[in-house]
Structures are given as structure tokens and as C-alpha cells.
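Coordinate analysis (summary)
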Amino acid sequence: MNEWSRVRTASLAGSVALVTGSGRGLGRAIASRLAELGADVAVHDISESAPAQFGEEKSLTGLAERLAAEQGVRTTAVLGDISDEAQVAAMVEATRQALGPVSILVNCAGGDIGAAGGKPDPNGALDISLADTQAIINRNFIGTMLVCRAVLPGMKERQQGSVINFGSLNGHRAVTSEVVYGCMKAAIVHYTRCLAMELRHHGVRVNVVSPGPTMSARFLATRPTDPAMMAAGPDLDRYATPEEIAGVVAFLAGPDSGFVSGQVVRIDGAAGLYPA
Ligand SMILES: NC(=O)c1ccc[n+]([C@@H]2O[C@H](COP(=O)([O-])OP(=O)(O)OC[C@H]3O[C@@H](n4cnc5c(N)ncnc54)[C@H](O)[C@@H]3O)[C@@H](O)[C@H]2O)c1
């Protein structure tokens, strides 16, 4: 995050943020940025150990404690599988008890992760297994929907809230691999538009960020990468950093974007403007 954006981004003090899938990767960077801006933050993951899978944190509770100590905000760690309605209800209630009602919801949990935990193989339109298909639908679309259904009625009642859902560049262009994943991200975009329409009279904004390839630890560990795309610099033909995604989420979370709802912000260095 550069100095200019630090100065220009409004404070989130007084907000309570729930960031799903924030034990690692993009979610972890987002939880850190929101805490840095003064929000109280519930970090969430499917297990205490998920943050350690690619070496980013020892545990979810350790991350929550570190953010509280470093940023002087209140934090809590909540667990739950977002594709299970009862677990979602429990994690939202645990957040409310620890920090108060959620005013910023970031639905970051998800990914192209199949039934066995890794990337589906095969992963095309015609050959992906049904088990992997269902796992991806659950982890992305159903999970986002269930968390929205658990949190947004309270926001509507309180007439206040900002929701940021996660799409992907692959949800906006045709692909020959990660097809089901792309379909679910496209579904999240449309679900978001419908929510924004439904909630526009109730003080609740709902937007999507659609990152291009971004250097989370899982991204780097689970596919061949191009070292030339990792160099920082003025050329936007490169991978994003998690912090570059977190900056846009922080903007959408706070008052600087107070009249923005139902929008998709593509964070891909203009990659999506050209054929893949
Ligand atoms: N990294 C990229 O290149 C990229 C690009 C576009 C979109 N995205 C999206 O950004 C988000 C974060 O991706 P990332 O690269 O940081 O991956 P990641 O695997 O590091 O983070 C995903 C998190 O979601 C959690 N999660 C997965 N399934 C869950 C479930 N059923 N219940 C609860 N938690 C669950 C994981 O444990 C993990 O903490 C995802 O929605 C992904 O689709 C990533």
C-alpha cells in the first residue's frame, strides 16, 4: 500500500468486518488492511490450521491475536464451512457476540479447489468430475450466498452495510480450464447485482471485486508461474499482489464509495480487455 492511499482512504473505525477465508491469501491481506484502517475484524477460515497450509500463518487464532496487537483493534477468530448453513449461522453469531453486528462483509473464501482439496484434474467443461463440480459450486456460489443470507438481513434492519463479494477474471471471459470455477464466479457477479437492487433502499451496498492472477501463497504453490510476471514495476502485464486487491476492497468497504453499489471492479491490470 503506498503512502498516497494511506492518507486518502477513509478511516473504518467503528466498523465490524467479517472477512471469510481470511486465514491466508487475499483474505489475510484484506483483514490486515481493514484492521490497519481501524475496523474491528473477525478473521474466518474452515479450520485453525488452514492458514498454515501454504506457510502464511501458524493458526487462525494466532493471526487474530497478531492483528489486534499490531493495529490496536478488536479481533476474533471464527471457524466454519461456508457451504454448511448451520456452521455459517454459528460463525456469524460468534462474530456478533465477540465484536457486535457485522457492518462490512467480505466474501473472500472460495477458489478453484476440488473435492479432494487440490485443483481439479481434469478441469475442463466436458471432463471435470461431478464431485469436483459440486465442490466448486459449494465453495464459491453456495458459500457466498449462505453467508449473505446470514448477514444481510441484519444489515437491512440496521440500514447500514457494505458487502464485497469475490469474482475472478475467469468469470468474465471464456476459458478452457477452470470452467466451473469461472461459471460460479459469474454467478456471484449476477447474484451481487440482484442483491444490490434488492437492498438499495435499505442502506446496504453490495459490490464485486474480480481479481486477475494474484500472488497468494496457494496461487504460487499450485500452478506453474512465470517469473517475469512477478516483477513489480510500471508494466501492468504481471500478477497482482494481495495488497493490491486489499486496497480496492478497503475502498469499497468504506465511506469513499458510499454511492457505489451493484458494480464489478476488475483488478487485473487491464488483462481482461484482451483475449486470453
Ligand atoms: N489468487 C488468485 O489468483 C485469485 C484470482 C481471482 C480470484 N481469486 C479469489 O480470491 C479468493 C481468495 O483466493 P486466494 O488465492 O487467496 O486463495 P486461498 O486458498 O489462499 O484462500 C481461500 C480461503 O478460503 C478458505 N475456504 C475455502 N473453502 C472454504 C469453505 N468451504 N469454507 C470456509 N473457508 C473456505 C480457505 O481455507 C482459504 O483460507 C477466492 O475467492 C478466489 O477464488 C483469487
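This text goes with the structure placed above it.
Below, the structure is looked at part by part. (Residues numbered from 1 in each chain as written. Predicted model: local features only at pLDDT ≥ 70, side-chain atom pairs only at ≥ 80, totals over all residues. Heavy atoms only, no water.)

1. Here we look at the site of the ligand
Surrounding the ligand, one finds 28 residues, the nearest of these being Asp-45, Tyr-181, Thr-214, Ser-216 and Arg-218. Asp-45 is positioned with one of its side-chain polar atoms (N or O) 2.5 Å from an oxygen atom of the ligand. At 2.8 Å from an oxygen atom of the ligand is found a main-chain nitrogen or oxygen belonging to Thr-214. Protein burial of the ligand: of its 820 Å² of free accessible surface, 96% is covered by the chains. The set of elements that each furnish at least two residues to the shell around the ligand consists of α2 (25–36), β2 (40–45), α6 (179–199) and α7 (217–221). (Near = heavy atom within 4 Å. Polar contact = N/O pair within 3.5 Å; in protein donor to acceptor, adjacent residues only side chain to side chain. Areas by Shrake-Rupley, 256 points an atom, 1.4 Å probe, with all protein chains shown as cover. Helix = DSSP H or I, 4+ residues; strand = E, 2+ residues; numbered from the N terminus.)

2. Comments concerning the side chain of Ser-210
Counting through the fold element by element, Ser-210 comes out in strand β6 (residues 204–211). There is a polar contact of 3.4 Å between the side chain of Ser-210 and the backbone nitrogen of Ser-168.

3. Quick word on the sheet that holds strand β1 (residues 16–19)
Pairing is parallel across the open sheet formed by seven strands, whose spatial order is β3-β2-β1-β4-β5-β6-β7. At either end of the open sheet lies a strand with only one pairing partner, and these are β3 (75–79) and β7 (264–267). Taking the axes of each pair of neighbouring strands and ignoring which way they run, one obtains an average angle of 15 degrees across the sheet. Bridge count for β2 against β3 is five bridges, and the pairing is parallel. (Pairing = 2+ DSSP bridges. Axes fitted to C-alpha atoms, helices over the stretch in contact; angles between N-to-C directions.)

4. Observations concerning unusual backbone geometry
Here Asp-121 and Pro-122 are connected by a cis peptide whose omega angle stands at 5 degrees. Take Pro-122: it is sitting in the loop between β4 (104–107) and α5 (130–158). Backbone geometry places Gln-159, a non-glycine residue, at a positive phi of 60 degrees. Within the secondary structure, Gln-159 sits in the loop between α5 and β5 (161–166). What makes Gln-159 partly exposed here is its relative accessible area of 44%. You will see that Glu-178, though not glycine, has its phi angle at about 60 degrees, which is positive. By the secondary structure assignment, Glu-178 is in the loop between β5 and α6. Taking relative accessible area as the criterion, Glu-178 reaches 12% and is therefore assigned buried. (Buried < 20%, exposed > 50% of the residue type's maximum accessible area, 1.4 Å probe, protein only.)

5. A short note on the packing of α2 against helix α3 (residues 60–71)
For the pair α2 and α3, interaxial distance at closest approach is 10 Å and the crossing angle is 30 degrees. Considering their axes alone, α2 and α3 lie roughly parallel with respect to each other. Note that α2 runs across α3; the crossing there is right-handed. Residues Arg-28, Ala-31, Ser-32, Ala-35 and Glu-36 of α2 touch α3, and the partners they reach there are Leu-63, Arg-66, Leu-67 and Gln-71. (Parallel < 35°, antiparallel > 145°, perpendicular 65-115°, else oblique. Left-handed = near helix turned anticlockwise from the far one by under 90°. Contact = heavy atoms within 4.5 Å.)

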